[in-house]
Amino acid sequence: MTTMAASTANSSTPAAEPRLGLRERKKIKTRMAIRKATYRLVQEQGYDATTIEQIAEAAEVSPSTVFRYFPTKEDIVVTDEYDPILEEELRARPADEPLMRSLRHVVATAVERAMSGEYETPEEMRLRGRLMVEVPAVRSRMNDNMSVSGQMLCRVVAERTGYDPDGLEVRVYCMGVVGALMEASRYWAEHEQQGDLGEYVARTLDVLEHGLERRKSEAS
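The structure displayed is predicted, hence computed values, not measured ones.

Asks: Outline the packing of aromatic side chains, supporting the account with residue identities and numerical values.
Replies: The relative placement of two aromatic rings is captured by the distance of their centres and the angle of their planes. The final tally for this structure, using the stated rule, is one aromatic pair. Taking 5.2 Å as the distance between ring centres and 80 degrees as the angle between the ring planes, the aromatic pair formed by Tyr-187 and Tyr-200 counts as edge-to-face. Residue Tyr-187 is located in helix α9 (residues 168-190), and its partner Tyr-200 is located in helix α10 (residues 197-219); the two are separated by 13 residues in the primary sequence. The exposure class of Tyr-187 is partly exposed, given its relative accessible area of 35%. Given a relative accessible area of 15%, Tyr-200 falls into the buried group. Across the ring face of Tyr-47, the terminal group of Lys-73 is positioned such that the distance to the ring centre comes to 4.2 Å.

Below is the structure:
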């Protein structure tokens, strides 16, 4: 899910990191190495001139390993490590908590975690944002990949609400959230990444929760 300090949902004390197994941690390490090599090459020579073979050599893996983790070069840019964390954190929220409050919590903390540089530096995050805006192939792939985050959110929301995860209402709600968050990230990138991404995300969720009219009245 688009760019997004996790805390335990059921208490005020800080949480431990999500309990990822050794295999998953190794996968994340490999994905990070590939991603960092890609960003370094793109900064040096541009996106179009950067090849999978060059990325593999810079990351010290084989081209087949790159393709195993990222089916296309665009996937290196548009995917991140946050969907599993968001899923775990959302499931950890109190069952009787209003759904939007839960979403606000996990998304806000994911944004903080993203901005902290845990998985990519601020410079890499800004480069990623620019590529999503400036490179048509990346932009197109980002739209395709929305469904992955949307399906994850549908599963969790269905568990919380008792609705069918493939039901129209759940799909509309969840894809609305994912699309809104993507637009907040795109808006930030289009405005030269000025301002607070967390504030843009909060405004986005305000619109989803309360509609345009309330947002307009608050701004006036």
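Asks: How would you summarise unusual backbone geometry if you had to cite specific residues and measurements?
Replies: Where the residue is not glycine, phi is negative for most of them; where a peptide bond is considered, it is trans in most cases. Within the chain, Glu-192 stands out as a residue other than glycine whose phi angle is a positive 55 degrees. Relative to the helices and strands, Glu-192 is located in the loop between α9 and α10. Among the residues examined, Glu-192 registers a relative accessible area of 64% and is labelled exposed. In the Ramachandran plot, Gln-193 falls in the positive-phi region, its phi being about 55 degrees despite a non-glycine side chain. Of note, Gln-193 is situated in the loop between α9 and α10. Given a relative accessible area of 8%, Gln-193 falls into the buried group.

Asks: Tell me about the packing of helix α8 (residues 136-161) against α9, and please be specific about residues and values.
Replies: What describes two packed helices is the angle between their axes and the distance between those same axes. Between α8 and α9, whose axes approach to 8 Å, the crossing angle comes to 135 degrees. Taken together, the axes of α8 and α9 lie oblique to each other. Helix-helix and strand crossings are classified by hand; for α8 and α9 the assignment is right-handed. Across from Arg-139, Met-142, Asn-143, Met-146, Ser-147, Ser-149, Gly-150, Leu-153, Cys-154 and Val-157 in α8, the residues of α9 making contact are Val-170, Arg-171, Cys-174, Met-175, Val-177, Val-178, Gly-179, Met-182 and Arg-186. Grouping the amino acids of the contact of α8 with α9 by side-chain chemistry returns 11 nonpolar, five polar and three charged.

Asks: Tell me about the pattern of salt bridges, and please be specific about residues and values.
Replies: Tallied over the entire structure, the rule returns 10 salt bridges. Measuring nitrogen to oxygen at the nearest pair gives 2.7 Å for the salt bridge that ties Arg-91 to Glu-159. Placement of the pair is Arg-91 in helix α5 (residues 82-92) and Glu-159 in helix α8, with a sequence separation of 68 residues. Notably, a salt bridge pairs Glu-209 with Arg-104, separated by 3.1 Å at the nearest N-O pair. In this pair, Glu-209 sits in helix α10 while Arg-104 sits in helix α6 (residues 99-115), placing the two residues 105 residues apart along the sequence. The class for Glu-209 is partly exposed, based on a relative accessible area of 39%. In the salt-bridge network here, residues are joined through shared partners; they are Glu-87, Arg-91, Arg-155 and Glu-159.

Asks: Quick rundown of the nonpolar core? Include the residues and the values.
Replies: Among the nonpolar cores identified, the biggest contains 45 residues, and Tyr-47, Leu-103, Leu-131, Val-138, Leu-153 and Val-201 are the most heavily contacted of them. Those elements giving two or more residues to this core turn out to be α1 (22-45), α4 (73-78), α5, α6, α7 (122-134), α8, α9 and α10. Judged by nonpolar contacts, the second largest core, of 10 residues, contains Ile-34, Ile-52, Ile-55 and Ala-56.

Asks: Account for the side chain of Glu-97, with residues named and values stated.
Replies: Position of Glu-97 among the secondary structure elements: in the loop between α5 and α6. Engagement of the side chain of Glu-97 in a polar contact is seen with the side chain of Ser-102, the distance being 2.5 Å. Beyond its immediate stretch of four places on either side in the chain, Glu-97 contacts Ser-102 and Arg-160.

Asks: Quick rundown of the confidence of the model for the protein? Include the residues and the values.
Replies: This prediction gives the protein a mean pLDDT of 84; 87% of its residues lie at or above 70. Considering only residues more than four positions removed or in separate chains, one finds that residues 2-18, a stretch of pLDDT under 50, has 43 contacts.

Quick notes on the rules
Residues numbered from 1 in each chain as written. Predicted model: local features only at pLDDT ≥ 70, side-chain atom pairs only at ≥ 80, totals over all residues. Heavy atoms only, no water. Phe/Tyr/Trp six-rings, centres within 6.5 Å; stacked < 30°, edge-to-face > 60°. Helix = DSSP H or I, 4+ residues; strand = E, 2+ residues; numbered from the N terminus. Buried < 20%, exposed > 50% of the residue type's maximum accessible area, 1.4 Å probe, protein only. Lys NZ or Arg CZ within 6 Å of the ring centre and 35° of its normal. Axes fitted to C-alpha atoms, helices over the stretch in contact; angles between N-to-C directions. Parallel < 35°, antiparallel > 145°, perpendicular 65-115°, else oblique. Left-handed = near helix turned anticlockwise from the far one by under 90°. Contact = heavy atoms within 4.5 Å. Nonpolar A, V, L, I, M, F, W, Y, C, P; charged D, E, K, R; others polar. Salt bridge = Lys/Arg side-chain N within 4 Å of Asp/Glu carboxyl O. Core = buried A, V, L, I, M, F, W, Y, C linked by side-chain atoms within 4.5 Å. Polar contact = N/O pair within 3.5 Å; in protein donor to acceptor, adjacent residues only side chain to side chain. pLDDT = per-residue confidence, 0-100.

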